[in-house]
Amino acid sequence: MTTRRFALLGPFAPYRGGIAHFHDALADGLEARGHSVLRLSFRRQYPALLFPGTSQMEPGSARLGPEAEGPACVLDPLNPLAWRRAAREVRQFGADAMVFPYWMSFFAPMWGRIARSLAPGIPSVALVHNAIGHEPRPGERALARFALSPAAGLVALSDRVRCDAEALGLGSIPLRQVAHPAYRQFGEP
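Not measured: the values here are computed from a predicted model.

A. Structural detail: the sheet that holds strand β5 (residues 124-128). Pairing is parallel in the open sheet, where seven strands are placed in the order β3-β2-β1-β4-β5-β6-β7. Looking at strand neighbours, the two that pair on one side only are β3 (72-75) and β7 (175-177), the edges of this open sheet. Taken over all neighbouring pairs, the strand axes of this sheet differ in orientation by 25 degrees on average, direction set aside. Note that β5 and strand β6 (residues 153-156) share four bridges and pair parallel. Considered in β6, the bridge of L127 is made with V155. Packed onto the sheet, helix α2 (residues 80-93) meets β1 (5-9), β2 (36-42), β3 and β4 (97-102) and runs at close to 170 degrees relative to β2. Strands in contact with helix α5 (residues 159-167) are β5, β6 and β7; relative to β7, the strand with the most contacts, it is inclined by about 170 degrees.

B. Spotlight on the environment of D96. By secondary structure assignment, the location of D96 is in the loop between α2 and β4. Once the C-alpha coordinates of D96 and T3 are considered, the two residues, 93 residues apart in sequence, prove to be 9.8 Å apart. If near-sequence neighbours (up to four positions away) are discounted, D96 is found in contact with R4, R5, I122 and P123.

C. A look at the pattern of salt bridges. On inspection of all chains with the given rule, the structure shows seven salt bridges. The salt bridge partner of R39 is D28, with a shortest N-O separation of 2.8 Å. Here the residue R39 occupies a position in strand β2, and D28 occupies one in helix α1 (residues 18-32), the gap between them amounting to eleven residues. The buried category is assigned to R39, whose relative accessible area is 6%. Taking the shortest distance from any N to any O, the salt bridge between E166 and R162 comes out at 3.5 Å.

D. A look at the packing of α2 against helix α3 (residues 108-118). Close contact between α2 and α3 brings their axes to 9 Å; oriented N to C, the two are set at 40 degrees. Looking at the two axes, α2 sits oblique to α3. Both α2 and α3 take part in a crossing whose hand is right-handed. Contacts from W83, A86, A87, V90 and R91 in α2 reach P109, M110, R113, I114, S117 and L118 in α3. A breakdown of the residues in the contact of α2 with α3 according to their chemical character gives eight nonpolar, one polar and two charged.

E. Up close: the confidence of the model for the protein chain. Residue-level pLDDT values for the protein chain average 85, and 80% of them are 70 or greater. Of the regions scoring below 50 in pLDDT, residues 63-69 engages in 13 contacts with residues more than four places distant in sequence or in other chains.

F. Here's a closer look at α5. For α5, the set of buried residues is V161, D164 and A165. Looking straight down α5, one finds that the buried residues subtend no more than 100 degrees of arc, so they occupy a single side. The inward-facing, buried residues of α5 contact β5, β6 and β7. Remark: G169 follows α5 within two positions and exhibits a positive phi of approximately 70 degrees.

G. Representation of the environment of L38. Tracing the backbone shows L38 in strand β2. Residue classification places L38 among the buried residues on the basis of a relative accessible area of 16%. L38 sits 55 residues away from F93 along the chain, and the two C-alpha atoms are 7.2 Å apart. With sequence-adjacent residues up to four places away left out, L38 is seen in contact with F6, A7, L8, E89, V90 and F93.

Reading guide: rules and limits
- Each chain has its residues counted from 1, following the order in which its sequence is written.
- Totals for whole chains, interfaces and linings use all residues, but because this is a predicted model, local features are given only for residues with pLDDT of at least 70 and pairs of side-chain atoms are given and counted only at 80 or more.
- Calculated side-chain values reflect all of the structure's heavy atoms, with hydrogen atoms and water omitted.
- Strand pairing is defined by DSSP finding a minimum of two bridges between the two strands.
- Helix numbering and strand numbering both begin at the N terminus, where a helix is a DSSP run of H or I of at least 4 residues and a strand a DSSP run of E of at least 2.
- To get an axis, fit a line to the C-alpha atoms, keeping to the stretch in contact for a helix; angles then go from 0 to 180 degrees between the N-to-C directions.
- Note on contacts: a residue pair is in contact if any heavy atoms of the two residues lie within 4.5 Å.
- One side-chain nitrogen of Lys or Arg within 4 Å of one carboxyl oxygen of Asp or Glu is enough to make a salt bridge.
- Note on exposure labels: buried denotes an accessible area under 20% of the residue type's maximum, exposed denotes more than 50%, and partly exposed covers the range between, all computed with a 1.4 Å probe on protein chains only.
- Geometric relationships in this document are graded by angle, where less than 35 degrees denotes roughly parallel, more than 145 denotes roughly antiparallel, 65 to 115 denotes roughly perpendicular, and other angles denote oblique.
- For any pair of crossing helices, the crossing counts as left-handed if the nearer helix is rotated counterclockwise from the farther one by less than a right angle, and right-handed if it is rotated clockwise.
- Gly is placed with the polar residues, together with every amino acid not listed as nonpolar (Ala, Val, Leu, Ile, Met, Phe, Trp, Tyr, Cys and Pro) or charged (Asp, Glu, Lys and Arg).
- Every residue is assigned a pLDDT by the predictor, reflecting its confidence on a scale from 0 to 100.
- Arc definition: it is the arc formed by the directions from the helix axis to the C-beta atoms.

This is how it looks when you write it as C-alpha cells:
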C-alpha cells in the first residue's frame, strides 16, 4: 500500500458537533492505515455574535479519538492572513492532498481561497456535508461554487447532498457518494 500525506483542515475536538466528530474519525482512520495526517483546526470557528449556542466546544472533552497530538489551531474564517498561514503549513507538510469539509456558505471564502492557493500542486478534496445550507441564504449557491470549484474531487455523504452538489453545475469535478459512517464515541446502540 502506498502511504500518503493528507492535510485535513476543519473542526476537530474539542469543537463540538458532527463535523468535528467526522473529521477526528477520518484523521484517526487515515493514520491507522499508515498515512501521515496534518490536522489544522480552528482558532475561531464562528464569531460569538453569529453562534447561537452557549459554547462551540464539546463539554468535558479535550479529544474524542485515541490519544494523539492535537490539531494546530490556525483557521479563522474571518482572517485572510490565517488562510495564508494554513496554506503555508499544508505546503511545508508536503501534503499529497488537502481535505476540507463544506457545510455552509459562511466558510466558502476561506475554503475557496485556500484551495486555490494550493492548486495545482496540492489537490483539494471537499467532503460535502451540505452543498446547500439548511436555511436559505443570499448568494449561497455562488459561494458554494466558489468554495467547491477549485477542488479536484467532491465526496457527498448522502443522496440529497449529491443531488444538491450536482445542481451547482460544477460539471467536470469528479463527485463520489459514500455512506456516512457511524460514530463510535457514543457507544453501542
